[in-house]
Amino acid sequence: DLSSTCCVPRGQVSCHNPEILDKSSSIRFLCSNPQCPQSGLMHEKCFDKFESLAVMVLGKHARCRGWSEKQKLNSLWKTRGVHSSYDLIFKICACECSHGHIRRDLEFEGEVVEGAGVVQADQEKRKKKKSKK
């Protein structure tokens, strides 16, 4: 059952117990594949390891070499703006569905929805509704 397994990219960080028992303490991710069957949830420990790896990878890019750790962390999951750097790390963010890339859901407010692709589709609908008003 993929709806309750950790979505950390297996080639980057090893998750010793993929089953997520406490969804409220997990970190929410979105997949760029709208049909992604993965949970979109990551253990806090896996997230910490993955984020540390992403910051290290980010630090190797010329654009970010002079940035502090705080600047790297603040820009890591942003997809727009002057200090957006997700485009520099997305290659290490390959989703286990093999058809997309994951990124942290910065708009997540605590509700647990099954499937990372479902959340992506729901957010697209919300954006369309807001733009129609």
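Up top is the structure.
Residues numbered from 1 in each chain as written. Predicted model: local features only at pLDDT ≥ 70, side-chain atom pairs only at ≥ 80, totals over all residues. Heavy atoms only, no water.

Colleague: Explanation requested: the overall build of the protein in the structure shown.
Modeller: When its secondary structure is counted, the protein shows 4 helices and 3 strands. Along the protein, helices (α) and strands (β) appear in the sequence β-β-α-α-α-β-α when read from the amino end. Out of the 133 residues belonging to the protein, those deemed buried represent 41%. Counted over contacts in the protein with a minimum sequence separation of 6, partners at least 24 positions apart contribute 59%. For the protein, the exposed surface amounts to about 8100 Å²; the carbon and sulfur share of it is 51%. (Helix = DSSP H or I, 4+ residues; strand = E, 2+ residues; numbered from the N terminus. Buried < 20%, exposed > 50% of the residue type's maximum accessible area, 1.4 Å probe, protein only. Contact = heavy atoms within 4.5 Å. Areas by Shrake-Rupley, 256 points an atom, 1.4 Å probe, with all protein chains shown as cover.)

Colleague: Is there a simple way to explain the pairing of strand β1 (residues 27-31) in this structure?
Modeller: Along any regular strand the residues' side chains alternate between the sheet's two faces. Taken across its 5 residues, β1 has 5 buried, putting it largely inside the fold. Residue alternation in β1 divides its side chains into two sets, I27, F29 and C31 and R28 and L30, and both sets are buried. As judged from the 2 bridges shared by β1 and strand β2 (residues 41-42), these two strands associate in the antiparallel manner. Paired with I27 across the bridge in β2 is M42. Here β1 runs beside strand β3 (residues 102-104); their pairing, made up of 3 bridges, is antiparallel. Considered in β3, the bridge of C31 is made with I102. (Pairing = 2+ DSSP bridges.)

Colleague: In this structure, what is going on with the packing of aromatic side chains? I would like to understand it.
Modeller: For any pair of aromatic rings, geometry is given as the distance between the ring centres together with the angle between the planes. Scanning the model with the defined rule gives 5 aromatic pairs in all. Between W77 and Y86, the aromatic rings sit 6.4 Å apart at their centres with planes inclined by 40°, giving tilted as the arrangement. Taken together, F29, F47, F50, W77 and Y86 form an aromatic cluster joined through their ring pairs. (Phe/Tyr/Trp six-rings, centres within 6.5 Å; stacked < 30°, edge-to-face > 60°.)

Colleague: Would you take a moment to explain the state of the cysteines for this structure?
Modeller: Think of a disulfide as a covalent bridge from one cysteine sulfur atom to another cysteine sulfur atom. All told, the structure shown has 0 disulfides when counted by the stated rule. There is no disulfide at C97, and the cysteine sulfur nearest it, in C95, is 3.7 Å away. Its relative accessible area of 11% is what places C97 among the buried residues. (Disulfide = S-S within 2.5 Å.)

Colleague: What should I look at first to understand the nonpolar core in this one?
Modeller: The tendency in soluble globular proteins is for nonpolar side chains to be buried as a group. Counting 30 residues, the largest nonpolar core has M42, F50, W77, I89 and I102 as the members making the most contacts within it. Of all the secondary structure elements, the ones that give two or more residues to this core are β1, β2, α1 (44-59) and α3 (86-89). Per-element tally for this core: the top contributor is α1, with 7 residues. Ignoring any residue separated from it by four or fewer positions in sequence, one finds I102 in contact with C7, P9, F29, L30, C31, M42, F50, Y86, C93 and C95. (Core = buried A, V, L, I, M, F, W, Y, C linked by side-chain atoms within 4.5 Å.)

Colleague: Hey, could you run me through the pattern of salt bridges in this one?
Modeller: Charged atoms that come close allow side chains of opposite charge to pair. Taken as a whole and judged by the stated rule, the model has 2 salt bridges. When the shortest N-O distance is used, the salt bridge between D87 and R63 registers 3.4 Å. You can see D87 sitting in helix α3 and its partner R63 sitting in the loop between α1 and α2 (69-75), a full 24 residues away along the chain. Owing to a relative accessible area of 45%, D87 belongs among the partly exposed residues under this scheme. For K72, the salt bridge identified is with E69, shortest N-O distance 3.4 Å. (Salt bridge = Lys/Arg side-chain N within 4 Å of Asp/Glu carboxyl O.)

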